[in-house]
Amino acid sequence: MIAGAGVAANTSLLPAATGDAEGIKLGVASYSLRKFARTQAIAMVKQLNTPYISIKEFHLPMKSTPEEIARGRKEFADAGLIVLSGGVIQFYKDDEADIRQKFEYAKLAGFPMITCMPTVKTLPTIEKMVKEFDIKMALHNHGKSDKNFPTPESALKAIHGMDPRCGLCIDVGHTAEAGADVVESIRMAGARLLDVHIKDESDLLNEETQVPVGEGRMPIPAIFRELKKLNYRGGVMLEYEIEETNPLPGMAKSFAYMRGVLAGMQS
């Protein structure tokens, strides 16, 4: 048995969430649970007592039939989970049919937003599909290894003047790793900020040093304060990339810390 599955089945990890603290929706990017089948992943998210999820293709494959996608969508809904987005989905191929197919998948899956990695060339067609399908697009920056959009600032410049449903998914880890100020990046994004991937690292310039949220150097309280200033109402999705065969204990620590920070802001 994979270790995390036993934890999910047998342990009540966190007290039930009592609403969205400061309007922020703490949720799970299902990439965190990539070693687990959909049924297991759903059970593990429920152990964390959040209804919010961003679905990675591991848990709802794009190449599925419409009927299979419908069944998967129903599994998430029946579990009481609220799907905030799907992704990260790559849009590297400058081909309208390919881009349309991915938006059709998102519509079938019930994604109100696609978290994506595009190129400058594919952005105009993506914007066209955003308008046609009424599905938001959140451009995900991917740090030093991303030749297209390493930082939120580079992504923000690329979508300047586009439909307001085209925005950013700021990945705080990749942002810091690229040498950008995370809090300032959130401030600059403003109304274009549609999604946040949250994580922590002991060395903010090294993505290989991820730790449970609250145990590293990421300025989590300052991040939440800036989100509050923006009146941000989107998801803050935990993307826990370490301990992939037993992620639940570290994810539980991360949620407990973040909920504590948010509770402190309300006092």
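Note that this is a predicted model, so its numbers are computed, not measured.

Novice: Is there a simple way to think about the packing of aromatic side chains in this case?
Specialist: Aromatic ring pairs are defined here through the distance separating the ring centres and the angle between the ring planes. Summed over the entire model, instances satisfying the criterion amount to 4 aromatic pairs. With centroids separated by 5.9 Å and ring planes inclined at 45 degrees, the aromatic side chains of F91 and F103 adopt a geometry described as tilted. Taken together, the residues span a long stretch of sequence, with F91 in strand β3 (residues 82-91) and F103 in helix α4 (residues 96-109) at a distance of 12 residues. Of the two residues examined, F91 and F103, each falls in the buried class. Between F103 and F133 the ring centres are 5.7 Å apart and the planes differ by 35 degrees, which places this aromatic pair in the tilted class. With F103 in helix α4 and F133 in helix α5 (residues 123-133), this pair connects stretches of sequence that are 30 residues apart. What makes F103 buried here is its relative accessible area of 1%. Look at F133 and you get buried, because its relative accessible area is 15%. Through a chain of ring-to-ring contacts, three or more aromatic side chains come together here, namely F91, F103 and F133. Across the ring face of Y31, the terminal group of R34 is positioned such that the distance to the ring centre comes to 4.3 Å.

Definitions and limits used
- Residues numbered from 1 in each chain as written.
- Predicted model: local features only at pLDDT ≥ 70, side-chain atom pairs only at ≥ 80, totals over all residues.
- Heavy atoms only, no water.
- Phe/Tyr/Trp six-rings, centres within 6.5 Å; stacked < 30°, edge-to-face > 60°.
- Helix = DSSP H or I, 4+ residues; strand = E, 2+ residues; numbered from the N terminus.
- Buried < 20%, exposed > 50% of the residue type's maximum accessible area, 1.4 Å probe, protein only.
- Lys NZ or Arg CZ within 6 Å of the ring centre and 35° of its normal.

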